[in-house]
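The primary structure of each chain is shown beneath.
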Amino acid sequence: MRRRKRMDTGTGLALIAAGVAVGIAALGTGVAQAQIGAAAVGATAENPKMFGKGLALMVLPETLVIFGFVIAIMLIGKA
Amino acid sequence: MLRPEEMTRAVVVGSIDSLDVTIECLYELGILHLIDFTEQDEEFKLGQPLGRASGTSQKLLKLRAMIRSLEIESHKPAGRVDVKEIQAKIEQAIVTLDMNTSAKAESRQKIQSLIREKESEIKALEPFRMFIIPMEDYEGYDSISVFTGVCKTDPEPALRSRLHDYELEVNARKTDFAVALFARSEERFEAGRILAEHGFQEIKLPRLNGYPAEIISKHRVVIDDLEKDLKRIEADLESIRKHFADFIVASEEHLAIEVLKAETPLRIAVSANSFVIDGWMPTARAGELQTALDSLCCGLAFVETLPAEKHDEPPVKLKNPKPVRPFEFFIDLVSTPKYNEIDPTVVLFITFPLFLGFMVGDLGFGASLVALGIFIRAKFGGSPDARKLGAIIVAAGLMASLFGLFVFAEAFGVPFHPPEESLDEHSWEAVADIPIHPMLEKMHDVTEMLALSLLAGWLHLMLGYILGIVNTYRHNIKHAIAKVAWLLVLFGLFAEVMLVAGDATLTSETINSTILSPIPTASLEIVGIAVSYAALVFIVVGVVILPVTEGPLALTEVAGVLTNLVSYTRLAALAVGKGGMAMAFNTMFFPLIFESGNILLIIVGALFLFITQAFFVFFIGSLSAGIQAIRLNYVEFFLKFFEGGGTDFSPLKYERKHSVVTK
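Analysis parameters
Residues numbered from 1 in each chain as written. Chains lettered and ligands numbered in written order. Predicted model: local features only at pLDDT ≥ 70, side-chain atom pairs only at ≥ 80, totals over all residues. Helix = DSSP H or I, 4+ residues; strand = E, 2+ residues; numbered from the N terminus. Rg over C-alpha atoms; globule rule 2.2 N^0.38 Å. Buried ≥ 20, exposed ≤ 12 C-beta atoms within 10 Å, placed from the backbone. Contact = placed C-beta atoms within 7 Å. Nonpolar A, V, L, I, M, F, W, Y, C, P; charged D, E, K, R; others polar. Domains from an automatic or database assignment. Pairing = 2+ DSSP bridges. Axes fitted to C-alpha atoms, helices over the stretch in contact; angles between N-to-C directions. Core = buried A, V, L, I, M, F, W, Y, C linked by C-beta atoms within 7 Å. Left-handed = near helix turned anticlockwise from the far one by under 90°. Parallel < 35°, antiparallel > 145°, perpendicular 65-115°, else oblique.

## Brief notes about the overall build of chain A
Within chain A, the regular secondary structure consists of three helices and zero strands. When its helices and strands are written in sequence order, chain A yields α-α-α. In terms of overall size, chain A is more extended than a compact globule, its C-alpha atoms giving a radius of gyration of 18 Å where 79 residues would be expected to give roughly 12 Å. For chain A, with 79 residues in total, the buried portion stands at 27%.

What follows is the structure, given as structure tokens:
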């Protein structure tokens, strides 16, 4: 096993912040995707040609969680 | 590539007498995309269906009814039927077959409903079979109420203590009690309550005469007879099916084609003595039409061709080399490009496997993807969409395997060699020493991968804007300049990001010393972040041009360019995320299995590992990687240049699968 280093409080807080950044960003994405997804499925049911457009709109909010991820990586880098 | 098939406007004009032959000729060639005639005037009206249309439609209708009653909708004929044979036999065949099948199908339906009726009566009588009470005695009383049904528990003791006078028949069955209760009308509420307490469910008795046991056995005999009849009819239908299914299905196809042709005049302009057919055809094949008309119509019909004009919107037939063609699937999912637009299929052909390959980046999962693609093609080869999807998956899988082999050096989420940062991590070294070392460690070089993703995003977005410039410069120079402004903003943002990254990653270091080396590195510090003067100049110039060309609202989108750029970090995010998921599994199971030394455990464990991984990592990981790879194209890339809304090229033609024309 890797040797465990003693961590100072700042590093610990930074790591918690990294987790929170991804977690809350993912929550935002989830809330947004829930509604878009429902609407997209409805549209596709009426017209299968809408699948591509529906998919593009559906995955738009995923950028939010990516932002969270980038911030998390930067925080871990600083920690 | 990049441009759809070039189209030529073709106007076919001829004498009304040659309309029939001309339509025949156009369908045979299958290259003319008809423009529906709509503007009727005094001279030209919409044509009437050819004379044979109504007769043929009627026959077609009868054939389809037959197909339904014979239940041969999905019948695949063994061979093709000659059209001459169809034409010779169809009249007689329809008369005899129609008589046979429709009458038989009708009686089959009647018998089936009769059997159902008798069976439901038997079901209702069954509980009362043991009671020696004729059916007519269950009703018709003035002062007596009758309850028939089943109880969950025996109601007799309760009835005895709470009712004054009653007559009860109970038959204890396996799970319940069949009950027939005759109570005085004034006590019917109390009787109902008692029965309800014992879980009473009423059974409505059918109106019949005689004892239930007798009725049931009579019904059974009737059902037996009916079933014999049904079998006979089924056998008759089966023999018709056996002898005529091929012929019926082939005739249906042939007649459908005949009706299609006969109704074509409804879409074209016809005057008293002439007709005009307006349409588009691929320029490369423009000569064929005149030659065909000359030989078939004996000089009674002519073609006039015109090149596409600026405001025309010809139908779009994508033109790509064979390996690229499966990726047209992704274009079909969104929208057909306009005729004057760039067809981005070839870009998808490069970027989709590259993005997905980077995100999956694993020899094992890549090879599994290739296998999955081949499986889809083999299993669902009949559907063109499935064939395309299969080819796409194979291409993506190959790229993922290459990335897994040479860049990340790992298979099934396990690296070939333990990373330098943690030498005690599990690796394939336990099994074999593979002489390939990773260029990138998924779990340790995250910043490097982020920088690579940003670089990929920058190149992809630049290409998007450049395609946008190509699309717009001919008809709207202002929009083209706006695209240049966006390009400047993007360039400035990227230069700034690279300046901030500095020497932190190999990618940014290389970019700074090569592509961005002519740009001065002078910078000022704003809230602790170095801001490059040069980048600032690029962004400001872009921002100044934008309100002039696209209006002030465009300024709100400037931050969007940064969003777009950062959005590509999902490439790294997915790769790391999937790597982490695989690592979690492997830390748990890998030592148990490969370092145990027990051969049986290794085999069973490897299977278990394969199944769990296959599901969690391969299926979920690859699916989301696929969606993300296509999303980067649809959202970030397409929005820079793609409008879509073109018309698909659908020429007049038909396909014969079960019938064949012989000379």
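Okay, back to it.
## Some remarks on the overall build of chain B
When helices and strands are tallied, chain B shows 18 helices and 16 strands. For chain B, whose C-alpha radius of gyration is 39 Å, the value lies well above the compact-globule estimate of 26 Å for 663 residues. Its C-alpha atoms give chain B principal-axis dimensions of about 110 × 85 × 60 Å. In chain B, which comprises 663 residues, the proportion classed as buried is 35%. Taking as baseline every contact in chain B between residues at least 6 positions apart, the subset at least 24 positions apart corresponds to 81%.

## Considerations on the interface of chain A and chain B
Between chain A and chain B, the residue contacts involve 14 residues of the former and 16 residues of the latter. Of the residues forming the side of chain A that touches chain B, the biggest block, seven residues, is contributed by helix α3 (residues 62-78) of chain A. For the side of chain A that touches chain B, the per-class residue count stands at nine nonpolar, three polar and two charged.

## A short note on the domain arrangement of chain B
Residues and elements named next belong to chain B. According to the domain assignment, chain B contains domain 1 (1-48 + 263-317 + 648-663), domain 2 (318-441 + 578-647) and domain 3 (449-568). Computed from C-alpha coordinates alone, the two centres of domain 1 and domain 2 are separated by 46 Å. Residue-level contacts link twelve residues of domain 1 with 13 residues of domain 2. Residue classes in the side of domain 1 that touches domain 2 are distributed as seven nonpolar, no polar and five charged.

## Thoughts on the sheet that holds strand β7 (residues 177-184) of chain B
Residues and elements named next belong to chain B. Ordered by their spatial adjacency, four strands build an open sheet running β6-β7-β5-β8, and the pairing between neighbours is antiparallel. With partners counted over all chains shown, the strands left at the sheet margins are β6 (166-172) and β8 (201-202), one partner each. Pairing analysis gives two bridges linking strand β5 (residues 144-151) to β8, with the strands arranged antiparallel. What sits directly across from G149, in β8, is E202. Sheet contacts for helix α5 (residues 188-197): β5, β6 and β7; angle to β5, the most-contacted strand, approximately 5°.

## Re the nonpolar core
Residues and elements named next belong to chain B. Core analysis: the largest hydrophobic core is formed by 120 residues, its most contacted members being L356, M359, A396, L490, F494 and L565. Considering each element in turn, this core owes the most residues, 14 residues, to helix α13 (residues 477-501). Excluding residues within four positions of it along the chain, M359 makes contact with L571, L574, A575, K578, A625, Q628 and A629. Counting residues in hydrophobic clusters, the runner-up holds 17 residues, among them L70, I240, F244 and A262.

## Some remarks on the packing of helix α2 (residues 53-70) of chain B against helix α6 (residues 212-262) of chain B
Residues and elements named next belong to chain B. As a packed pair, α2 and α6 sit with axes 9 Å apart at the nearest point and diverge in direction by 145°. Judged by the sense of rotation from one axis to the other, the crossing of α2 with α6 is left-handed. On α6, the residues that touch A53, T56, S57, K59, L60, L63, R64, M66, I67 and L70 of α2 are L237, I240, R241, A245, I248, S251, E252, L255, A256, E258, V259 and A262. Across the contact of α2 with α6, the residue classes break down as 14 nonpolar, three polar and five charged.

## Concerning the packing of helix α1 (residues 9-46) of chain A against α3(A)
Residues and elements named next belong to chain A. Where α1 meets α3, the axes come as close as 7 Å, and the angle between the chain directions of the two elements is 175°. As summarised for this structure, α1 and α3 are arranged roughly antiparallel, according to the angle between their axes. On the side of α1, the interface is formed by A14, L15, A17, A18, A21, V22, I24, A25, A26, G28 and T29, while α3 contributes E62, L64, V65, F67, G68, F69, I71, A72, L75, I76 and K78. Looking at the contact of α1 with α3, its residues break down into 17 nonpolar, three polar and two charged.

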